[in-house]
Amino acid sequence: MFRDSAIVAHRNLLTILRVPTLLVTATIQPLMFVFLFAYIFGASLGGSQYREFLLAGIFTQTVAFNAAFTTVGLANDLQQGIIDRMRTLPMSRLAVLAGRTLSDLLVNMLALAVMAGCGYVVGWRINDGFGDAALAFGVILLFAFAMSWVGALTGLLSPSVEVAQSAGLIWLFPVTFVSSAFISAETLPGPLRAVAEWNPITAVAASGRTLFGNGAPPSFTPPRGWAAEHCVAYSVGCSLAILAVAIPLSLLQYRRVAR
């Protein structure tokens, strides 16, 4: 299974190398968000302190949005008959999905590296030790891997590539923005505030800020509640829970689609 997954991941990475424009969404779009929020909205939200606060939220938003790679990639393989050909080969069924999510995890690593470099340009810094920073990136990448499996399930449920492209973003936008990725959740009205406080994206972004040593602007109300106080543990727990649900459902849907 591991060998087959590595082969499928290699095949997906070759596709990106031969069509490098596929990396535009993973690299250029996050950079646009960084400069947009840092310099257009950042001046009114806290200036340099807001830029430090912002980057962990951008990291989290980007890996969540990059789940669309998995969604569209699987939908495209289904539409073009690649999945049918893989079914004829003596290979693990799990490898088809694991290889896709693994290759997209590597794309997320590249996107994080690009954004971290851009973050240093706009004033973001790692204020705590590099051990904590490595743990922060590990938490973000674990969440990225979990979101890729959600993207795989969405792609397998989509009847066409066009549907997959829209279905992958319909739920991502509200989930991402009803959080404290870019603002303080305490400013939201009651029901939305409760959703934002327990939103995994809030927890992952808060974990990054805690481990990077990035504080919030003075005007931001500090987050409260169990999820905020145990953001790292909650982030890891949410990612593992998503994997525990998404992997079996993806395999079940893969068997249905393959039949």
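Residues take numbers from 1 onward in each chain, read along the sequence in its written order. Only residues with pLDDT of at least 70 are given local features in this predicted model, and only at 80 or more are side-chain atom pairs given and counted; all residues enter the totals for whole chains, interfaces and linings. Neither water nor hydrogens contribute to the side-chain values; these are computed over all heavy atoms in the structure.

A. Quick peek at a nonpolar patch on the surface. Each patch groups residues whose relative accessible area exceeds 30% and which form no salt bridge, using 9 Å between like charges and 5 Å between nonpolar side chains of Val, Leu, Ile, Met, Phe, Trp and Tyr. For the area figures, the Shrake-Rupley method with a 1.4 Å probe applies, and any residue is considered shielded solely by the protein chains shown. A pairing counts as a salt bridge when a side-chain nitrogen of Lys or Arg comes within 4 Å of a carboxyl oxygen of Asp or Glu. A surface patch of nonpolar side chains, amounting to about 470 Å² of accessible area, comprises Phe35, Leu36, Tyr39, Ile40 and Phe41. Per the convention used, a helix needs a DSSP run of H or I reaching at least four residues, while a strand needs a run of E reaching at least two, with both numbered from the N terminus. Structurally, the position occupied by Phe35 is in helix H2 (residues 24-45). Only protein chains enter the calculation, and the probe is 1.4 Å; a residue is then buried if its accessible area is under 20% of its type maximum, exposed if over 50%, and partly exposed in between. Assessed through its relative accessible area of 36%, Phe35 is described here as partly exposed.

B. Focus on a positive patch on the surface. Asp and Glu are treated as the negative residues and Lys and Arg as the positive ones, with His and the ends of the chain left uncounted. Lys charges are placed at NZ, Arg charges at CZ, Asp charges at CG and Glu charges at CD. Residues Arg87, Arg93, Arg255, Arg256 and Arg259 make up a contiguous surface patch of positive charge. Within the element layout of this structure, Arg259 appears in the segment after helix H13 (231-258). For Arg259, a relative accessible area of 74% gives the class exposed.

C. A look at the pattern of salt bridges. Applying the stated criterion to the full structure yields three salt bridges. Among the salt bridges present, the one from Arg3 reaches Asp4, with a minimum N-O distance of 3.5 Å. On the basis of relative accessibility, which here comes to 11%, the residue Asp4 falls in the buried class. The structure contains a network of salt bridges with shared partners spanning Arg11, Asp77 and Arg100.

D. Representation of the nonpolar core within the structure. Side-chain atoms within 4.5 Å link the members of a nonpolar core, which is a set of buried Ala, Val, Leu, Ile, Met, Phe, Trp, Tyr and Cys residues. Of all hydrophobic cores here, the largest spans 53 residues; its most connected members are Phe59 and Phe143. At the level of elements, H2, helix H3 (48-65), helix H4 (67-80), helix H5 (82-87), helix H6 (93-122), helix H7 (130-157), helix H11 (200-212) and H13 are the ones that each hand at least two residues to this core. Ranked by residue count, the leading element in this core is H7, at 11 residues. In this description, contact between two residues means that some pair of their heavy atoms is separated by no more than 4.5 Å. In this structure Phe59 touches Leu112, Met115, Ala116, Trp124, Phe137, Ile140 and Phe212, once residues within four positions along its chain are discounted.

E. Representation of helix H1 (residues 2-18). What a helix is expected to span follows from its residue count: subtract one and scale by 1.5 Å. Over its 17 residues, H1 runs 24 Å from end to end, which matches the ideal 24 Å to within 8%, given 1.5 Å per residue. Along H1, the residues that are buried comprise Asp4, Ser5, Val8, Ala9, Asn12 and Ile16. Angular distribution of buried residues about the axis of H1 spans 135°; they occupy a single face of the element. The exposed residues of H1 that point more than 90 degrees off its buried face are Arg3, Ile7, Leu17 and Arg18. Where H1 is buried, its residues meet H5 and H6. By definition, the arc is the one covered by directions from the helix axis to the C-beta atoms.

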